Amino acid sequence: MHIVHGRYDRVCHLYQAEALVRSLRAVGNKDVNYFITTAGHSSLEPETDTKLCTIMDDLPPMSPFDRGGE
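Just so it is clear, the structure is predicted and the values come from calculations on it, not from any experiment.

(A) Here's a closer look at the pairing of strand β1 (residues 2-6). Here β1 runs beside strand β2 (residues 33-37); their pairing, made up of 5 bridges, is parallel. Its bridge partner lying in β2, Gly6 is registered against Thr37. Remark: the β1/helix α1 (residues 14-26)/β2 crossover connection has right-handed handedness.

(B) How the structure looks around the packing of aromatic side chains. Going through the model one piece at a time under the given rule, you end up with 0 aromatic pairs. Cation over ring: Lys51 sits above Phe35, and NZ or CZ is 3.9 Å from the ring centre.

(C) Structural context of the side chain of Thr37. Mapping Thr37 onto the fold places it in strand β2. A polar side-chain atom of Thr37 sits 2.9 Å from a polar atom in the side chain of Thr48.

(D) Just the side chain of Asp9, in detail. Checked against the element boundaries, Asp9 lands in the loop between β1 and α1. For the buried residue Asp9, which engages in no salt bridge, the nearest side chain bearing the opposite charge is Arg10, 8.3 Å off. In terms of polar contacts, Asp9 uses its side chain to reach the backbone amide nitrogen of Cys12, at 2.9 Å. Leaving out residues up to four positions away in the same chain, Asp9 has contacts with Ala39, Gly40 and His41.

(E) Local environment of α1. Taking 1.5 Å per residue as the helical rise, α1 with its 13 residues ought to reach 18 Å, and the 18 Å between its terminal C-alpha atoms agrees with that figure. What α1 keeps buried is the set Leu14, Ala17, Val21 and Leu24. On an axial view of α1, the arc spanned by its buried residues comes to 95 degrees, and they lie on one face. For α1, the exposed residues set more than 90 degrees away from the buried face come down to Tyr15, Arg22 and Ala26. The inward-facing, buried residues of α1 abut β1 and β2. Note on α1: the residue one or two positions beyond its end, Gly28, has a positive phi of about 105 degrees.

What counts as what
- Residues numbered from 1 in each chain as written.
- Predicted model: local features only at pLDDT ≥ 70, side-chain atom pairs only at ≥ 80, totals over all residues.
- Heavy atoms only, no water.
- Pairing = 2+ DSSP bridges.
- Helix = DSSP H or I, 4+ residues; strand = E, 2+ residues; numbered from the N terminus.
- Right-handed = clockwise from strand over helix to strand, strands pointing away.
- Phe/Tyr/Trp six-rings, centres within 6.5 Å; stacked < 30°, edge-to-face > 60°.
- Lys NZ or Arg CZ within 6 Å of the ring centre and 35° of its normal.
- Polar contact = N/O pair within 3.5 Å; in protein donor to acceptor, adjacent residues only side chain to side chain.
- Buried < 20%, exposed > 50% of the residue type's maximum accessible area, 1.4 Å probe, protein only.
- Lys, Arg positive; Asp, Glu negative; His and termini not counted.
- Salt bridge = Lys/Arg side-chain N within 4 Å of Asp/Glu carboxyl O.
- Contact = heavy atoms within 4.5 Å.
- Expected span 1.5 Å × (residues − 1).
- Arc of directions from axis to C-beta.

See the structure below:
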């Protein structure tokens with residue numbers, strides 16, 4: 001799981017993302033990657049956009065038959 005959050009987000013405050021990460025890890029989710037950018041709320045801000053694109057580019061390719069576990 002990847003969580004990307006802007007340090008200057010005034011809609012969803014940083015402490016909310018940090019609480020989510022702590023909670024996920026507390027119940028055994030060890031594969032949580034947490035990134036803080038210098039952006040605000042928008043995923044279109046350059047640093048956040050770059051981080052999200054890097055994450056997506058690094059994901060393994062999906063089979064055309066992969067239906068998410070159906």
